[in-house]
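Descriptive analysis of the structure
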Amino acid sequence: MNKLKTMVIGILFLFGTTAWAHEGKATLVMEEMVKFHDALVKETSGKLDTKKLTELLAKGADGKKDTETFKKAIPLSEKLGKAETLKDKLSAYSLLVNELSSVVGHHDKSKANLFYCPMEKKKWIAKGDNIVNPYLKDMRDCGEKQ
């Protein structure tokens, strides 16, 4: 009976840990992306600190396809961190979002969503369902949830 109990606990632990880890990496990346969206909407001055995002991306994802996406996103994260003007930040952010768009909602528990601005033809990642366009200061509600 003890062997069966130990085996059941082991199986639950194995599957529970796998599921948690699988959800965790994409979720952490999306949480960082949401922070950048918020900073861009607020037009935060100075450079954005992308060190944590870059480190998360370097660790890779749980799946091969997402890991490749993360690798491709590393130089884009670094570019965003080096951008000084709002225009450069938005440009770098747009490239980063395009690269990570396939990961949004894929094993992700952050409640982040992908949005699209048809006027600027650019995407962004934000938490929730409200449209807050980082690209158009005078038209923050322009866009659609993907």
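Our subject is the structure that appears above.
Below you will find a few notes about this structure. Computed from a predicted model, the values in this text were never measured in an experiment.

1. A closer look at the sheet that holds strand β1 (residues 112–117)
Strand pairing in a sheet relies on backbone hydrogen bonds, with the paired strands running either antiparallel or parallel. In space, the three strands of this open sheet follow the order β2-β1-β3, with antiparallel pairing throughout. At either end of the open sheet lies a strand with only one pairing partner, and these are β2 (122–127) and β3 (144–145). This element, helix α4 (residues 86–100), spans β1 and β2 of the sheet and lies at about 80 degrees to β2.

2. Comments concerning α4
For α4, spanning 15 residues, the distance from its first C-alpha to its last is 21 Å, which sits close to the expected 21 Å at 1.5 Å a residue. Of all the residues in α4, the buried ones are Lys-89, Leu-90, Ala-92, Tyr-93, Ser-94, Leu-96, Val-97 and Leu-100.

3. Comments concerning the pairing of β2
The pairing of β1 with β2 spans six bridges and is classified as antiparallel. Counterpart to Asn-113 in the pairing with β2 is Ala-126. Counting the residues between successive antiparallel strands, the hairpin from β1 to β2 contains four residues, one of them, Lys-121, with a positive phi of roughly 55 degrees.

4. A closer look at helix α3 (residues 64–82)
With 19 residues, α3 should cover 27 Å at 1.5 Å per step; its first-to-last C-alpha distance of 28 Å lies within 8% of that length. Residue Ala-73 marks the point of greatest curvature in α3, where the axis turns by about 35 degrees; the proline Pro-75 follows within four residues. Residues of α3 that are buried: Asp-66, Thr-67, Thr-69, Phe-70, Ala-73, Ile-74, Leu-76, Ser-77, Leu-80 and Gly-81.

Rules of the game
Residues numbered from 1 in each chain as written. Predicted model: local features only at pLDDT ≥ 70, side-chain atom pairs only at ≥ 80, totals over all residues. Heavy atoms only, no water. Pairing = 2+ DSSP bridges. Helix = DSSP H or I, 4+ residues; strand = E, 2+ residues; numbered from the N terminus. Contact = heavy atoms within 4.5 Å. Axes fitted to C-alpha atoms, helices over the stretch in contact; angles between N-to-C directions. Expected span 1.5 Å × (residues − 1). Buried < 20%, exposed > 50% of the residue type's maximum accessible area, 1.4 Å probe, protein only. Bend = angle between axes of the 7 residues up to and from the residue.

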